[in-house]
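Observations on chain architecture
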Amino acid sequence: MLPGGLVYLDGNSLGAMPRSVPARLSHVASQEWGQQLIRSWTADAEAAQDWMALPDRVAAKVARLIGAAPHEVAVGDSTSVNTFKALAAALSLAGERRVILTDADNFPTDLYMAQGLGTLTGDLELRRVPSADIAANLTGDVGVLLLTEVDYRTGRRLDMAALSAQARAQGILTVWDLAHSAGAFGVDLNGCGADFAVGCGYKFLNGGPGAPAFLFVAERHHAAAPVVLSGWMGHADPFEMARDYAPAPGARRFVVGTPQVLSLSALDTALDVFADVDMADVREKSLSLSRTFMALMGPLLARFPLTLVTPEAEAERGSQVSYRHPQAREVMADLIAAGIIGDFRTPDILRFGLTPLYHSHADMWQAVQGIKAVLEARA
Ligand SMILES: Cc1ncc(COP(=O)(O)O)c(C=O)c1O
Ligand SMILES: Nc1ccccc1C(=O)C[C@H](N)C(=O)O
């Protein structure tokens, strides 16, 4: 559901609200919380108000979209916190190797969480190289490769299968950030042999502002990967109130504290939109939208100081298109005022997110008409 008069090209930052969400939130508030109160934690294992099982139910829906088994996914916390959990587990498995290799332009929180972990352990090196140089830097001293599949600025998509295979051949564990992948196209974590992954619930999954994030841990690591944030909700039997931590089966052990019921419920309902969706169709539509958008923008590149920064090769593209412009900040402010909602990203990027589930080709045309009008007015 989108308000009229807008072209919303920001579903890669905050997805639109599915129509079914307000009724679910209202039910959770008035009935499950308002009437059932504490009984909702364990009300009925089969019913939607079994709050204790909510993270697992949502995990199963996410798993289908990312090529994982349900017991390999934990839902809760933020992407940042899940990145910390994944990095800590991967580093522990990496033993003597104390280097985390990453893309110098990775999303800030990925870099910051690695830096924070370094503060804790005191012996980490965060090695940052340009994304084009990642493969050449997969050397024997690297323990963990931390990458975001689709770059938040340029929309460039890395070859997850190839990089995961190259890392594995060097004995390097992978942590993939799927913030701009999950729900935008089909991801195949197990097909790629990925070790760990994280991602957001509020972007292409449309779970709402601050929606819980997800964490993927490949089954082969369940026994050995340490649970550093070992909270009671990841315990095998929380209400046994045991003195020592014993992990729940599978990825559920990576759930830390009390599930965020309101936001998990919104995400749970939002994910039902994907129930009968073939992700191959979503990818095809996404590419068709970006192809159309780039073609319509083509003539503007000759008239205005715009440079395409998104790869033209379709395999190297996520679900957004970005351009550099020397006044990108001001141009985006004008666009937003004109009802064309995209993002400015430092230092000079105009970013347009394409969401195949709710964009039409007519939206692409309308957006480019608006961009043209704004650029002409400023010229
Ligand atoms: C690649 C990437 N990772 C992580 C995040 C966000 O993490 P969090 O939800 O913890 O703020 C974002 C967007 O905010 C992102 O683009
Ligand atoms: N979580 C947010 C809260 C407020 C504003 C933006 C965000 C984003 O998600 C930004 C996004 N990750 C990006 O790729 O720029």
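Predicted model only: the values in this text are computed from it and were never measured.

All right, on to the pairing of strand 13 (residues 349-353) then. Each regular strand displays side chains that alternate between the two surfaces of the sheet. Of all five residues in strand 13, five are buried, a share of seventy percent or more. Summarising the sheet, strand 10 (residues 320-324) and strand 13 pair through five bridges and their orientation is antiparallel. Bridging from a neighbouring strand, Y323 pairs with L350 of strand 13. One ladder, built from three bridges, connects strand 12 (residues 343-345) with strand 13; its direction is antiparallel. The residue bridging D343 from the neighbouring strand is R351, located in strand 13.

Around ligand 2, the neighbouring residues are S13, F107, Y152, H180, Y202, K203, R345 and R351. Take R351: an N or O atom from its side chain is 2.8 Å from an oxygen atom of ligand 2. If ligand 2 stood free it would expose 370 Å²; the protein chains cover 61% of that surface. When atoms are counted within 2 Å of each cavity's grid points, the one that captures over half of ligand 2 is the second largest pocket.

Under the domain assignment used here, the protein contains domain 1 (21-274) and domain 2 (278-378). Centre-to-centre, using C-alpha coordinates, domain 1 lies 29 Å away from domain 2. Listed by partner, the interface residues are 18 residues for domain 1 and 24 residues for domain 2. Summing the contributions of domain 1 and of domain 2, the shared interface buries around 1,600 Å²; its carbon and sulfur component is 61%. Taken as a group, R153, T154 and R157 account for 34% of the area that domain 1 buries against domain 2, more than any other trio of residues on that side. If you look at where domain 1 meets domain 2, you find zero salt bridges. Our count for the contact surface shared by domain 1 and domain 2 stands at eight residue pairs in polar contact (both at pLDDT 80 or more). Broken down by class, the residue content of the side of domain 1 that touches domain 2 amounts to eight nonpolar, six polar and four charged.

Quick look at the pattern of salt bridges now. Considering all chains together, one arrives at 18 salt bridges under this definition. The closest approach of N and O atoms between E314 and R317, which form a salt bridge, is 3.5 Å. Under the relative-accessibility criterion, E314 is labelled partly exposed at 27%. Classification of R317 by relative accessible area gives buried; the value is 2%. Connected through salt bridges with shared partners, the residues R24, K61, D268 and D272 form a single ionic network.

Below, the discussion takes up the sheet that holds strand 12. Spatially, four strands are ordered 9-10-13-12 in an open sheet, and the strand pairing comes out antiparallel. The outermost strands of the open sheet, each flanked by one partner alone, are strand 9 (307-308) and strand 12. Relative to the sheet, helix 8 (residues 279-303) contacts strand 9, strand 10 and strand 13, its axis offset from that of strand 10 by approximately 15°.

Conventions and cut-offs
Residues numbered from 1 in each chain as written. Chains lettered and ligands numbered in written order. Predicted model: local features only at pLDDT ≥ 70, side-chain atom pairs only at ≥ 80, totals over all residues. Heavy atoms only, no water. Buried < 20%, exposed > 50% of the residue type's maximum accessible area, 1.4 Å probe, protein only. Helix = DSSP H or I, 4+ residues; strand = E, 2+ residues; numbered from the N terminus. Pairing = 2+ DSSP bridges. Near = heavy atom within 4 Å. Polar contact = N/O pair within 3.5 Å; in protein donor to acceptor, adjacent residues only side chain to side chain. Areas by Shrake-Rupley, 256 points an atom, 1.4 Å probe, with all protein chains shown as cover. 1 Å grid on protein atoms, 1.4 Å probe; cavity = no way out; pocket = protein on both sides within 12 Å on 5 of 7 lines; lining within 4 Å. Sits in = over half its atoms within 2 Å of the grid points. Domains from an automatic or database assignment. Contact = heavy atoms within 4.5 Å. Buried area = accessible area lost by both parts, 1.4 Å probe. Salt bridge = Lys/Arg side-chain N within 4 Å of Asp/Glu carboxyl O. Nonpolar A, V, L, I, M, F, W, Y, C, P; charged D, E, K, R; others polar. Axes fitted to C-alpha atoms, helices over the stretch in contact; angles between N-to-C directions.

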